[in-house]
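Survey of secondary and tertiary structure
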Amino acid sequence: LPICGRMSKLEELIQELCPDGVEYIAISKCVNKIGNIKWTNEKECSYQYIDLTSVDRDTHAILETSHVDFETAPSRAKQIVKEGDILFGATRPMLKRYFMVTEEYDNQICSTGFCVLRAKTNIVLTKWLYHQIASTSFFNHVEKFQKGASYPAISDADVKAFIIPVPPLPVQEEIVRILDNFTELTAELTAELTARKKQYEYYRDKVLSSSIDAQSVHLGDICTVITKGTTPKKY
């Protein structure tokens, strides 16, 4: 919202570049095709392998990878990833395993359990696409199109059928900047709350430890339990 009658940078960009709204298009129109490795041509090479379990579901970062080669690569180790690619776990997709490939994993291999999204950067920014994948709307789409009960999955085609807004690149850039700042602040707050929780648990356990000389009593001896809709019972 405007502050003191002044428009924000985002509002100015929207007014200048897309005053009549933005286009909505399928992800399939915003991404490039990717290549698969031919292991018979790579018999002397070793690669880092990104499996579904490599991705942390909370931080959306890589926890660890394994090294594979022609002899040890599992059948699903096929897709060649590039820095900036977005990997979305299409097997058991509601576990929300998604990750943006960093420089460390450029030209490495990932499982075919991932849908790999390589942005056409003349249409969408990589981070813009990443934030779309992280949205509630996207996961509502995924939940609707996943198939299978005990081991659900969604096809690459259904992932890429999701419709996203595509404003001009300067507008995308400003929105991404705002979202990244919000994400960073949220991460800092979460870390602080986690630290406070551990501190509370430490002092709670210390106070309640058996080394403290304190009397133990039944809960009913010190309070009255009230059940909704009935007469309170005295213990």
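Notes on the structure follow.

The rules we used
- Residues numbered from 1 in each chain as written.
- Predicted model: local features only at pLDDT ≥ 70, side-chain atom pairs only at ≥ 80, totals over all residues.
- Heavy atoms only, no water.
- Salt bridge = Lys/Arg side-chain N within 4 Å of Asp/Glu carboxyl O.
- Helix = DSSP H or I, 4+ residues; strand = E, 2+ residues; numbered from the N terminus.
- Buried < 20%, exposed > 50% of the residue type's maximum accessible area, 1.4 Å probe, protein only.
- Polar contact = N/O pair within 3.5 Å; in protein donor to acceptor, adjacent residues only side chain to side chain.
- Contact = heavy atoms within 4.5 Å.
- Pairing = 2+ DSSP bridges.
- Patch = residues over 30% accessible without salt bridge, like charges linked within 9 Å, V, L, I, M, F, W, Y side chains within 5 Å.
- Areas by Shrake-Rupley, 256 points an atom, 1.4 Å probe, with all protein chains shown as cover.
- Core = buried A, V, L, I, M, F, W, Y, C linked by side-chain atoms within 4.5 Å.
- Phe/Tyr/Trp six-rings, centres within 6.5 Å; stacked < 30°, edge-to-face > 60°.
- Lys NZ or Arg CZ within 6 Å of the ring centre and 35° of its normal.

Topic: the pattern of salt bridges
One side chain can pair with another of opposite charge once the charged atoms of both are near each other. Considering all chains together, one arrives at 5 salt bridges under this definition. In this structure, Asp 180 engages Lys 127 in a salt bridge whose closest nitrogen and oxygen atoms are separated by 3.0 Å. With Asp 180 in helix H5 (residues 169-207) and Lys 127 in helix H2 (residues 126-133), this residue pair connects regions lying 53 residues apart in the sequence. The class of Asp 180 is partly exposed, set by a relative accessible area of 25%. In this structure, Arg 177 and Glu 174 form a salt bridge, with 2.6 Å as the shortest nitrogen-oxygen distance. With a gap of 3 residues between them, Arg 177 and Glu 174 both fall in helix H5, about one helical turn apart. We classify Arg 177 as partly exposed; its relative accessible area is 43%. Owing to a relative accessible area of 6%, Glu 174 belongs among the buried residues under this scheme. Members of the salt-bridge network, linked through shared partners, are Lys 9, Glu 174 and Arg 177.

Description of the side chain of Gln 48
Relative to the helices and strands, Gln 48 resides in strand S3 (residues 46-50). Here Glu 104 takes part through its backbone oxygen, which lies 3.4 Å from a polar atom of the side chain of Gln 48. Excluding its chain neighbours within four sequence positions, the residues that come into contact with Gln 48 are Thr 65, Ser 66, His 67, Glu 104, Tyr 105, Gln 108 and Ile 109.

Some remarks on the sheet that holds strand S9 (residues 114-119)
Strand order in this open sheet of 4 strands is S2-S9-S6-S7, and the pairing throughout is antiparallel. The two strands at the open ends of the sheet, each matched to only one other strand, are strand S2 (31-32) and strand S7 (98-100). Note that strand S6 (residues 86-89) and S7 share 3 bridges and pair antiparallel. Bridge pairing in S7 links Ile 86 to Met 100.

Focus on a nonpolar patch on the surface
On the surface, Val 22, Tyr 24 and Ile 163 cluster together to form a nonpolar patch covering roughly 290 Å² of accessible area. With respect to the secondary-structure elements, Val 22 resides in the loop between helix H1 (9-17) and strand S1 (23-26).

Remarks on the environment of Leu 63
As for its placement among the helices and strands, Leu 63 is situated in the loop between S3 and strand S4 (66-69). Its relative accessible area of 57% is what places Leu 63 among the exposed residues. Here the alpha-carbon distance between Leu 63 and Ile 50, two residues 13 residues apart in the chain, equals 9.6 Å. Each residue touching Leu 63, except ones within four places of it in the same chain, is listed here: Thr 53, Ser 54 and Asp 56.

Let's talk about the nonpolar core
Where a protein is soluble and globular, its nonpolar side chains tend to be buried together. With 25 residues, the main nonpolar core has Ile 27, Phe 88, Leu 117, Leu 129, Ile 133, Phe 138 and Ile 164 as its most contacted residues. Of all the secondary-structure elements, those providing two or more residues to this core are S6, S9, H2, helix H3 (136-145) and strand S10 (163-166). A total of 4 residues in this core trace back to one element, the largest contributor, which is H2. Apart from residues lying up to four places away in sequence, Phe 138 is in contact with Phe 88, Gln 132, Ile 133, Val 159 and Phe 162. Residues Leu 52, Ile 62, Val 101 and Phe 114 belong to the second largest nonpolar core, which totals 12 residues.

As for H2
For an α-helix, 3.6 residues make a turn, and residues three or four places apart therefore share a direction. Across the 8 residues of H2, 6 count as buried, placing the element largely inside the fold. Buried residues of H2: Trp 128, Leu 129, Tyr 130, His 131, Gln 132 and Ile 133, and no others.

Notes on the packing of aromatic side chains
Considering all chains together, one arrives at 8 aromatic pairs under this definition. Taking 5.8 Å as the distance between ring centres and 80° as the angle between the ring planes, the aromatic pair formed by Trp 39 and Tyr 47 counts as edge-to-face. Of the residues examined, Tyr 47 reaches a relative accessible area of 15% and is grouped as buried. With a centroid separation of 5.6 Å and an interplanar angle of 65°, the aromatic rings of Tyr 98 and Tyr 130 are classed as edge-to-face. Of the two residues, Tyr 98 sits in strand S7 while Tyr 130 sits in helix H2, which places them 32 residues apart along the sequence. Classification of Tyr 98 by relative accessible area gives buried; the value is 7%. On the basis of relative accessible area, Tyr 130 is assigned to the buried category, the value being 15%. Each member of the aromatic cluster is reached from another via a ring pair, and the members are Phe 88, Tyr 98, Tyr 130, Phe 138, Phe 139 and Phe 162. Just above the ring of Phe 70 sits the side chain of Lys 43; from NZ or CZ to the centre is 5.2 Å. The ring of Phe 139 carries the charged tip of Lys 96 above its face, separated from the ring centre by 4.9 Å.

Shape is all these values report; function is a separate question.
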